[in-house]
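Given next are the chains, with one letter for each unit.
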2 protein chains.
Amino acid sequence: MNGLTIGKLAKKAGVGIETVRFYERQGLIAEPPRTASNYRLYPENDANRLRFIKKAKNLGFTLNEIKELLSLRHDPKASKADVKHRTLKKIEDIQQKIHDLSRMKEALESLAEACDGHGPTSECPILEALEAEEKQYCGH
Amino acid sequence: MNGLTIGKLAKKAGVGIETVRFYERQGLIAEPPRTASNYRLYPENDANRLRFIKKAKNLGFTLNEIKELLSLRHDPKASKADVKHRTLKKIEDIQQKIHDLSRMKEALESLAEACDGHGPTSECPILEALEAEEKQYCGH
DNA sequence: ATAAACATTGAACTATACTACAGGGTCAAG
DNA sequence: CTTGACCCTGTAGTATAGTTCAATGTTTAT
């Protein structure tokens with residue numbers, strides 16, 4: 001027994017069956033081989049691909065961005081230099097996201113502390129969290 | 001001259017005018033005072049609020065989640081303990097996101113290295129990036 | 001062998017988050 | 001005092017990411 005039916009795959013990846021078919025239409029997962037009775041039979045590894053998509057979506061990437069991320073490895077019509085260039089750009093995006101999340105986390109930690117009655121805490125740590133760097137660029 | 005018209009505010013925050021009115025309808029920003037001629041007049045600080053919303057959206061939070069985040073400070077009908085509890089939960093979410101992004105970044109760095117012809121690199125670092133921890137919980 | 005649980009397609013429907021009018025009023029410059 | 005850039009409300013349309021449904025075929029368990 002090799003391969004997963006769409007239901008097994010969906011369950012393993014924690015997504016809906018319809019979502020799997022939707023991702024196939026969108027080109028996020030490859031069309032799998034079919035059984036004699038026309039059932040899709042997925043390689044086990046597609047569960048990881050689906051889980052990746054799920055997490056990446058949770059991290060604010062659109063399906064199109066995720067498609068790009070997944071196509072970075074083995075892109076046949078792209079030079080190594082081009083792949084490297086695009087990869088470095090993605091890394092920068094991600095670095096920025098990590099940075100923003102870290103600031104948000106700090107703000108929430110400061111808020112949690114304020115809840116203990118320990119103070120003094122800034123009046124509005126959450127808003128401050130992500131605004132500081134803008135000021136440096138824009139000078140408002 | 002105190003306060004920003006909706007157009008000035010939108011420009012300062014880097015969003016569309018319609019978006020500002022939409023966020024007002026959704027309860028993400030407060031209804032501002034109006035001029036005699038019924039124009040909205042926003043406090044300067046609302047630009048920061050809008051920028052926060054923009055960034056948080058980019059980090060994968062929905063408008064509803066963002067609303068919750070913004071209401072954590074000064075929630076009148078909630079005990080300090082309750083606010084603290086919800087805040088700690090948000091911090092965990094964020095910690096998880098940072099973790100996932102870090103793994104993704106590592107994977108892309110490994111991919112970028114592979115582009116230099118330095119090797120050997122894993123065949124599929126991107127998929128591996130986010131799948132490892134699942135295995136530990138599910139034992140597949 | 002028959003019912004329950006699963007699979008197929010295609011099309012319609014939903015939620016979220018905007019975005020674009022239409023039809024009007026306001027304001028600042030020349 | 002008009003022209004253009006701005007604002008108002010309300011409604012309708014769009015993009016993204018699914019979700020549901022109908023009508024039908026297949027597999028599995030009793």
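Please refer to the structure placed before this passage.
Reading guide: rules and limits
- Every chain's residues receive numbers from 1 upward, in the order its sequence appears when written.
- Chains carry letters and ligands carry numbers; both start at the beginning, A for chains and 1 for ligands, and go up in the order they are written.
- In view of the model being predicted, local features appear only for residues whose pLDDT reaches at least 70, and side-chain atom pairs are presented and counted only at 80 or more, with totals across whole chains, interfaces and linings using the full set of residues.
- Side-chain descriptors were evaluated using all non-hydrogen atoms of the structure, hydrogens and water having been removed beforehand.
- Contacts were defined at the residue level, with two residues in contact if any of their heavy atoms lie within 4.5 Å.
- Buried area is understood as the total, over both parts, of accessible area removed when two parts are fitted together, assessed with a 1.4 Å probe.
- Each salt bridge in this description consists of a side-chain nitrogen of Lys or Arg and a carboxyl oxygen of Asp or Glu lying within 4 Å of one another.
- Polar contacts, as used here, are pairs of N or O atoms within 3.5 Å; protein pairs need one atom able to donate a hydrogen and one able to accept it. Residues neighboring in sequence count only if both atoms are side-chain atoms.
- Secondary structure is summarised from DSSP: a helix means a run of H or I of at least four residues, a strand means a run of E of at least two, and numbering begins at the N terminus for each.
- By the convention adopted, Pro, Cys, Tyr, Trp, Phe, Met, Ile, Leu, Val and Ala count as nonpolar, Lys, Arg, Asp and Glu as charged, and the other residues, Gly among them, as polar.
- Nearness is judged by heavy atoms alone; a residue qualifies as near a molecule or strand once a single heavy atom is within 4 Å of it.
- Each residue is assigned to one of three classes by its accessible area relative to the maximum for its type, calculated with a 1.4 Å probe on protein chains only: buried under 20%, partly exposed between the two thresholds, exposed over 50%.
- Think of it as the arc spanned by the lines of direction from the helix axis to the C-beta atoms.
- Axis definition: a line fitted to C-alpha atoms, over the contacting stretch in the case of helices. Angles run 0 to 180 degrees between N-to-C directions.
- Note on angle classes: values under 35 degrees are labelled roughly parallel, values over 145 roughly antiparallel, values of 65 to 115 roughly perpendicular, and the remainder oblique.
- Whether a crossing is left-handed or right-handed is set by the direction in which the near helix is turned from the far one by less than a right angle, anticlockwise for left-handed and clockwise for right-handed.

A. Expanded view of the interface of chain B and chain A. With 49 residues of chain B at the interface, the matching set in chain A holds 49 residues. Both sides of the chain B and chain A interface together cover about 4,900 Å² of buried area, and 74% of this is carbon and sulfur. Where chain B meets chain A, there are two salt bridges. A salt bridge links D100 of chain A to K55 of chain B; the nearest nitrogen and oxygen atoms lie 3.5 Å apart. Remark: the boundary between chain B and chain A carries four residue pairs in polar contact (both at pLDDT 80 or more). For the side of chain B that touches chain A, the secondary-structure elements that each account for two or more residues are α3 (46-58), α4 (63-71), α5 (80-115) and α6 (125-138) of chain B. Counting residues per element, the side of chain B that touches chain A draws most heavily on α5 of chain B, at 23 residues. Among the residues forming the side of chain B that touches chain A, the class breakdown is 23 nonpolar, 10 polar and 16 charged.

B. Quick peek at the protein's contact with DNA strand D. Around DNA strand D, a shell composed of 18 residues is seen, among which E18, Y23, S37 and Y39 of chain A together with R21 of chain B lie nearest. Of what DNA strand D places within 4 Å of the protein, 78% of the atoms are sugar or phosphate. At 3.0 Å, a side-chain N or O of T19 of chain A approaches a phosphate oxygen of DNA strand D. Separating a phosphate oxygen of DNA strand D from a side-chain N or O atom of R34 of chain B is a distance of 3.0 Å. Residue assignment for the surface near DNA strand D shows that the elements contributing at least two residues are α2 (17-25) of chain A together with α1 (6-13) and α2 (17-25) of chain B. The biggest single contributor to the surface near DNA strand D is α2 of chain A, with four residues. Looking at the surface near DNA strand D residue by residue, the classes come out as seven nonpolar, six polar and five charged.

C. Geometry of helix α4 (residues 63-71) of chain A. All of the buried residues along α4 of chain A are I66, L69 and L70 of chain A. Seen end-on, α4 of chain A carries its buried residues on one side only, within an arc spanning 95°.

D. Structural view of the packing of helix α5 (residues 80-115) of chain A against α5 of chain B. The geometry of α5 of chain A relative to α5 of chain B is characterised by a closest axis approach of 8 Å and an angle of 160° between their N-to-C directions. Taken as axis vectors, α5 of chain A and α5 of chain B run roughly antiparallel relative to one another. Once α5 of chain A is placed against α5 of chain B, the crossing between them reads as left-handed. Of the residues that constitute the contact of α5 of chain A with α5 of chain B, the class distribution is 24 nonpolar, six polar and 12 charged.

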